[in-house]
Amino acid sequence: MRHKLFGLRVSTLTLACLVALPGIAMADEAREQALEQRINDLEKQLQNLAAEIRAQREAAPPAAPALPAGKLPIQLTTLTPGSPAGTTVKIGGFIKADFMATKAHDGQLADAAVGRILYVPGQTPVGGDSSDVDYDAHAKFSRFNIGIDNVSESGDKAGAFLEMDFFGNALGNQTSTNTYGVTVRHAYAYWNNWLAGQTWSNFMDTAALPDSVDFIGPTDGVIFVRQAQIRYTTGGFSASLENPETTVIPNGGGGAAASDRGAVPDLTLRYGWKGNWGSFGIGALFRSLDIDRAATSSAAAISDSEGGYAFTVGGKWNLGSNDDLRYQVTAGDGMSRYIGLGVTGDAALSADGNLDAIGGFAGYLAWRHVFSSQLRMNLIYARSQYDNPIDLTGTAVNESVQSFRANIFYSPMPKLDVGIELMRAKRELESGVDGSLTRLQFTTKYSF
């Protein structure tokens, strides 16, 4: 049907659309207002959420910096659940294998002698015929250690350290198993300035030890003792009370024997300096040498005490970036137990049961040269000499020991060392009888 409106012909459908247009416009405007209101509400919610996040960040402690690659923790839970929060655990050690060919020029080392696996100055054979070359190999000096450390909220520091190697008595034989006992090297706890337990003697300067293929190196002239102690350290100064033990040569001579007596611990004092130039330290040792033996059917009771002392200086002197000198000089009376694995006794025993302290001096000098990050060498000379009272000891006791060694180390990668060392040693008795020893030693060592 068509209509005529304002002179125009308009259909009924067209008229219906014209009538509906105002309603459609009003509906669209309502929807737009509703949508705009929703957007406004969402913006307010986002603003409120952002404000809450800012407030939480300001209230929370700063996040710990991200750890670099390779430093991420190996586990999320603690290895020491019985320790205070924040305790850290360090595991370390090395695997060391030694291979050595030894020739004694004036006698023969016994089959079970400790001198077959490391250099023991007092065991160098003297006054005999030259022996054949002996070959020995072992991994006894491999070691494992674990360290526990904690710093409290108040700043107090405490912890413990335990280290073991395999230098114990044989539990098997070289025919098949080559099994050896685990031995304690270090076992101590510390709290701030205090330390209690077994570790290196405070009289010893470990920082001055040279690099050697042999287990110790400058054995003839070095202070080398691990024992139980109580130590106090502040700055460069340290003092300790250490386990006493007196070695005594019987009247008329013979091997030194431990008396295992004494009520007074050994007192050691040390002060050290460190810098870019190297390190230097001085130390003092004060001892009470004691013997206390009950009477027997063949001998009267013996009980006596004698004072002992020693002083030492040593350190490391850097000679540029590729060289350094390491040295130590020690002198005193009644100090033998601390030097060279006990070259002679601390004291000699008189016929009437009195102790006479044995004096002496010891020292070493070592030069280290670094060719590159992978190659280095060392030249080491060590000696100790003693003033034995031969009217008490006889002339069959050790008067002096010395050794010279040269080595070279190659490190094909970090923590891996391959080394070879040639040593020539000499031992002389008070009688003038002497003997020498030559050893070629090869080692491999991987530290972790």
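You'll find the structure just up there.
Since this is a predicted model, take the numbers as computed values, not measurements.

Cut-offs used in this document
Residues numbered from 1 in each chain as written. Predicted model: local features only at pLDDT ≥ 70, side-chain atom pairs only at ≥ 80, totals over all residues. Heavy atoms only, no water. Pairing = 2+ DSSP bridges. Helix = DSSP H or I, 4+ residues; strand = E, 2+ residues; numbered from the N terminus. Phe/Tyr/Trp six-rings, centres within 6.5 Å; stacked < 30°, edge-to-face > 60°. Buried < 20%, exposed > 50% of the residue type's maximum accessible area, 1.4 Å probe, protein only. Lys NZ or Arg CZ within 6 Å of the ring centre and 35° of its normal. Contact = heavy atoms within 4.5 Å. Salt bridge = Lys/Arg side-chain N within 4 Å of Asp/Glu carboxyl O. Patch = residues over 30% accessible without salt bridge, like charges linked within 9 Å, V, L, I, M, F, W, Y side chains within 5 Å. Areas by Shrake-Rupley, 256 points an atom, 1.4 Å probe, with all protein chains shown as cover.

(A) Structural context of the sheet that holds strand β17 (residues 347–349). The strand order across the open sheet formed by four strands is β12-β11-β17-β18, and the pairing between neighbours is mixed. The open sheet terminates on both sides in strands that have one partner only, identified here as β12 (257–258) and β18 (355–357).

(B) Examining the packing of aromatic side chains more closely. Per the counting criterion, the structure on display carries 12 aromatic pairs. Taken together, a centroid distance of 6.0 Å and an interplanar angle of 85° make the contact between phenylalanine 286 and phenylalanine 311 edge-to-face. With phenylalanine 286 in strand β14 (residues 278–293) and phenylalanine 311 in strand β15 (residues 302–319), this residue pair connects regions lying 25 residues apart in the sequence. Taking relative accessible area as the criterion, phenylalanine 286 reaches 35% and is therefore assigned partly exposed. Residue classification places phenylalanine 311 among the partly exposed positions, given a relative accessible area of 45%. A centroid spacing of 6.0 Å and a plane angle of 50° characterise the contact between tyrosine 309 and phenylalanine 311, whose relative ring orientation is tilted. Here tyrosine 309 falls in the partly exposed class, since its relative accessible area comes to 37%. Three or more aromatic residues joined by ring pairs form one cluster here, namely Phe141, Phe167, Trp200, Phe215 and Phe224. Its end group placed over the ring of phenylalanine 94, lysine 445 keeps NZ or CZ at 4.3 Å from the ring centre.

(C) The environment of alanine 310, seen in detail. Structurally, alanine 310 is set in strand β15. Among the residues examined, alanine 310 registers a relative accessible area of 0% and is labelled buried. Apart from the residues within four sequence positions on either side, alanine 310 is in contact with Phe203, Gly283, Ala284, Leu285, Thr330, Ala331, Gly332 and Met335.

(D) The arrangement of the pattern of salt bridges in detail. Evaluation of the coordinates by the stated rule reveals 14 salt bridges. Here aspartate 324 makes a salt bridge to arginine 326, at a shortest N to O gap of 3.1 Å. Each member of the pair aspartate 324 and arginine 326 is classed as buried. Aspartate 434 serves as the salt-bridge partner of lysine 426, at 3.6 Å between the closest nitrogen and oxygen. What makes lysine 426 partly exposed here is its relative accessible area of 32%. Since its relative accessible area comes to 29%, aspartate 434 is described here as partly exposed.

(E) A nonpolar patch on the surface, seen in detail. On the surface, a cluster of nonpolar side chains totalling about 610 Å² of accessible area is made up of Phe237, Tyr271, Trp273, Trp277, Ile282, Val313 and Val329. Secondary-structure assignment places tryptophan 277 in the loop between β13 (266–275) and β14. Judged by relative accessible area, which is 42%, tryptophan 277 ranks as partly exposed.

Distances and angles like these do not, on their own, reveal function.
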